[in-house]
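Structural characterization, general
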Amino acid sequence: MSTIAKNIAKVGERIREAAQACGRDAAGIGLLAVSKTKPPTDIRAAHAAGLKDFGENYLQEALAKQVELADLPLIWHFIGPIQSNKCKALAEHFAWVHSVDRLKIAERLSSLRPAELPALNICLQVNVSGEASKSGCTPEELPALAAAVSRLPHLKLRGLMAIPEPTDDQAAQHAAFARVRALAEQLRAAQQLELDTLSMGMSHDLEAAIAEGATWVRIGTALFGARDYPAPPSSI
Ligand SMILES: *Cc1c(COP(=O)(O)O)cnc(C)c1O
């Protein structure tokens, strides 16, 4: 069994235990393998061990891997910061974008989504850590952004994504994820949006995220090992 296959089994076990601890069905929690900085051979190994969904942060790197792995039926998620000039390639080459935090980007993604593809799945990234994070809309901006995005024709607004400030304090982890869950509940109640997704939880805090309702956990280090060059989400 490869190291990656063993790591996938361990993470799967963590997910099942966390789900059981809070009375959730683990089938409702997706494992998104974050493969940024890792070679295509690692993605092949993870696919061979049963994973289909892969998340990337850097567009050029992701596109190169997609070409190299075109023989595999993978589902690609973009989870990094988005500049306007990247929208065309994102709209053409991904199934999900988790990191939309402003309307201009959503409008471009919708207008550039090829007509023959299904609607692009979108999560709105919300900043629940205040000034500690530069990415994500504020909780105050979220209702108007969600209302506008939900009306764009070639996008499907699925839910919210967050990258809380990293902390080992379990209570703080729970509080941040609970805030995300509450914001999604407010949107459902106020705007009748059919949100089914909370993209939250990484290698160090997936248990807290699952306890607070995560439906995608985005896991890099615990599957593929430490990254050779650091790309902490709080600094991008
Ligand atoms: C890198 C990254 C992850 C994975 O983080 P790990 O701590 O390695 O599991 C998850 N989400 C985003 C947005 C990232 O940039």
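Residues numbered from 1 in each chain as written. Predicted model: local features only at pLDDT ≥ 70, side-chain atom pairs only at ≥ 80, totals over all residues. Heavy atoms only, no water.

**Here we look at the pairing of strand E4 (residues 96-100)**
Put simply, the rule reads: The buried label applies to any residue whose accessible area, calculated with a 1.4 Å probe on protein chains only, is under 20% of its type's maximum; exposed applies above 50%, and partly exposed to all values in between. For helices the rule is a DSSP run of H or I covering at least 4 residues; for strands it is a run of E covering at least 2, with both sets numbered from the N terminus onward. At least two bridges found by DSSP between two strands is the condition for calling them paired. A right-handed crossover is one whose linking path, passing over the helix from the first strand to the second, runs clockwise when the strands point away from the viewer.
Of all 5 residues in E4, 5 are buried; the element is thus mostly enclosed. Note: strand E3 (residues 75-78) against E4, 2 bridges, orientation parallel. By the bridge assignment for E4, His77 is matched with Trp96. You can see the chain leave E3, run along helix H4 (residues 87-93) and come back into E4, and the turn it takes is right-handed. Sheet topology places E4 next to strand E5 (residues 120-125); 3 bridges connect them, and they run parallel. Note on E5: the bridge partner recorded for Val100 is Leu124. Taken together, E4, helix H5 (residues 103-112) and E5 form a β-α-β motif whose crossover is right-handed.

**Things to note about the site of the ligand**
Just so we agree on the cut-off: Whether a residue is near a molecule or strand is decided by its heavy atoms; if any one of them lies within 4 Å of it, the residue is near. Under this definition, polar contacts are N or O atom pairs within 3.5 Å; protein pairs additionally need one hydrogen-donor-capable and one acceptor-capable atom, and for neighbouring residues in sequence, both atoms have to be side-chain atoms. The accessible surface values rely on the Shrake-Rupley method and a 1.4 Å probe; as for residues, cover is taken only from the protein chains in view. Polarity classes work like this: nonpolar for Ala, Val, Leu, Ile, Met, Phe, Trp, Tyr, Cys and Pro, charged for Asp, Glu, Lys and Arg, and polar for all others, with Gly in that last group.
Residues in contact with the ligand amount to 13 residues; listed here are only the nearest, Lys36, Asn57, Ser203, Thr221 and Arg227. Interatomic distance of 2.7 Å between a side-chain N/O atom of Lys36 and an oxygen atom of the ligand. Between the ligand and Arg227, the relevant distance is 2.8 Å, taken from an oxygen atom to a side-chain nitrogen or oxygen of the residue. Protein chains bury 96% of the 390 Å² of accessible surface belonging to the ligand in isolation. Grouping the amino acids of the shell around the ligand by side-chain chemistry returns 6 nonpolar, 4 polar and 3 charged.

**Topic: the packing of aromatic side chains**
How two aromatic rings sit relative to each other is set out by the distance from centre to centre and by the angle between their planes. To keep things clear, this is the line we draw: Pairing of aromatic side chains here covers Phe, Tyr and the six-membered ring of Trp, requires ring centres within 6.5 Å, and sorts the geometry by plane angle: under 30 degrees stacked, over 60 edge-to-face, intermediate tilted.
If you walk through the whole model with that rule in mind, you get 3 aromatic pairs. Ring geometry for Phe54 against Trp76: centres 6.3 Å apart, planes inclined by 45°, an arrangement best described as tilted. Highlighted residues: Phe54 in strand E2 (residues 53-56) and Trp76 in strand E3, separated in sequence by 22 residues. We note that Phe54, like Trp76, is buried. Ring geometry for Phe78 versus Phe94: centroids 5.6 Å apart, planes at 80°, classification edge-to-face. Residue Phe78 is located in strand E3, and its partner Phe94 is located in the loop between H4 and E4; the two are separated by 16 residues in the primary sequence. You can call Phe78 buried: its relative accessible area is 0%.

**Brief notes about the packing of helix H6 (residues 142-150) against helix H7 (residues 170-191)**
To be explicit about the condition: Axis definition: a line fitted to C-alpha atoms, over the contacting stretch in the case of helices. Angles run 0 to 180 degrees between N-to-C directions. Small angles under 35 degrees read as roughly parallel and large ones over 145 as roughly antiparallel, with 65 to 115 read as roughly perpendicular and the rest as oblique. Handedness of a crossing follows from how the near helix is turned relative to the far one, being left-handed for an anticlockwise turn of less than a right angle and right-handed for a clockwise one. We call two residues in contact when some of their heavy atoms are within 4.5 Å.
Viewed as axis vectors pointing N to C, H6 and H7 meet at an angle of 60°, and their least axial separation amounts to 11 Å. Relative to H7, the element H6 lies oblique. Viewed along their axes, H6 and H7 form a crossing whose handedness is right-handed. Residues Leu142, Pro143, Ala146 and Ala147 of H6 lie in contact with H7, whose contacting residues are Leu183, Leu187 and Gln191.

**Considerations on the UniProt feature "modified residue: N6-(pyridoxal phosphate)lysine" (unreviewed entry) in the chain**
Note the cut-off: UniProt positions are given in the numbering used here, feature names are shortened, and annotations may be inferred rather than shown by experiment.
What UniProt calls "modified residue: N6-(pyridoxal phosphate)lysine" (unreviewed entry) maps, in this numbering, to Lys36. Structurally, Lys36 is set in the loop between strand E1 (30-34) and helix H2 (40-48).

**Remarks on the pattern of salt bridges**
Cut-off, in case you're wondering: Salt bridge criterion: a side-chain nitrogen from Lys or Arg within 4 Å of a carboxyl oxygen from Asp or Glu.
Across all of its chains, the model carries 9 salt bridges by this definition. Between Lys65 and Glu56 there is a salt bridge whose closest N-O contact spans 2.9 Å. On the basis of relative accessibility, which here comes to 5%, the residue Lys65 falls in the buried class. Of the charged contacts in the structure, one is a salt bridge between Glu92 and Lys88, with a shortest N-O distance of 2.9 Å. Placement of the pair is Glu92 and Lys88 together in helix H4, with a separation of 4 residues, close to one helical turn. The class of Lys88 is partly exposed, set by a relative accessible area of 47%. Through salt bridges with shared partners, one network takes in Glu56, Glu61 and Lys65.

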